[in-house]
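# Overview (structure and organization)
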Amino acid sequence: MQITDVRIRKISKEGKMKAIVSVTFDDQFVVHDIKVIEGQSGYFIAMPSRKTPDGDFKDIAHPINMDTRTMIQDAVLDKYNTVLLEDNVEVEAVEVE
């Protein structure tokens, strides 16, 4: 499985959520609404989720193992950094852990 496209749909300068992203796999399957979040120890991704009747959030789609999560997160944060640089946004580049 390869990531064939990453699209940054929204970048916000305010708040902890910095971007909403769509990731395409093998030019055949897309996952929308992955979020780039600024946390206490750096940036990370949050998979798409919905609110349950009891107020919790449940992932709609998510990686099964850590290697896949890391692959997706690295691709998303690399693209996020690229978009920041292209737009000449005066924000410190995101570090990929």
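As a reminder, the structure under discussion sits directly above these lines.
First, a word on what this report is: a plain description of the structure on this page. All values reported here derive from a predicted model rather than from experimental measurement.

Evaluated as defined, the whole model comprises one aromatic pair. When the ring of Y43 is compared with that of Y80, the centres are 6.0 Å apart and the planes differ by 45°; the resulting orientation is tilted. Taken together, the residues span a long stretch of sequence, with Y43 in strand β4 (residues 42-46) and Y80 in helix α1 (residues 66-86) at a distance of 37 residues. As far as the burial class goes, Y43 and Y80 line up, both buried.

So, about the environment of Q73. Its location among the elements puts Q73 in helix α1. Linking Q73 and A46, residues 27 residues apart in sequence, is a C-alpha distance of 9.1 Å. Each residue touching Q73, except ones within four places of it in the same chain, is listed here: Y43, F44 and I45.

Turning to the pairing of β4, a few remarks are in order. Note that strand β3 (residues 29-39) and β4 share five bridges and pair antiparallel. Bridging across to β4, K35 finds its partner in A46. Between β3 and the antiparallel strand that follows it, β4, lie two residues.

Assignment of secondary structure puts T24 in strand β2 (residues 17-25). The exposure class of T24 is buried, given its relative accessible area of 16%. Ignoring sequence-local partners within four residues, the contact set of T24 consists of Q2, I3, T4, D5, F29 and V30.

Conventions and cut-offs
Residues numbered from 1 in each chain as written. Predicted model: local features only at pLDDT ≥ 70, side-chain atom pairs only at ≥ 80, totals over all residues. Heavy atoms only, no water. Phe/Tyr/Trp six-rings, centres within 6.5 Å; stacked < 30°, edge-to-face > 60°. Helix = DSSP H or I, 4+ residues; strand = E, 2+ residues; numbered from the N terminus. Buried < 20%, exposed > 50% of the residue type's maximum accessible area, 1.4 Å probe, protein only. Contact = heavy atoms within 4.5 Å. Pairing = 2+ DSSP bridges.

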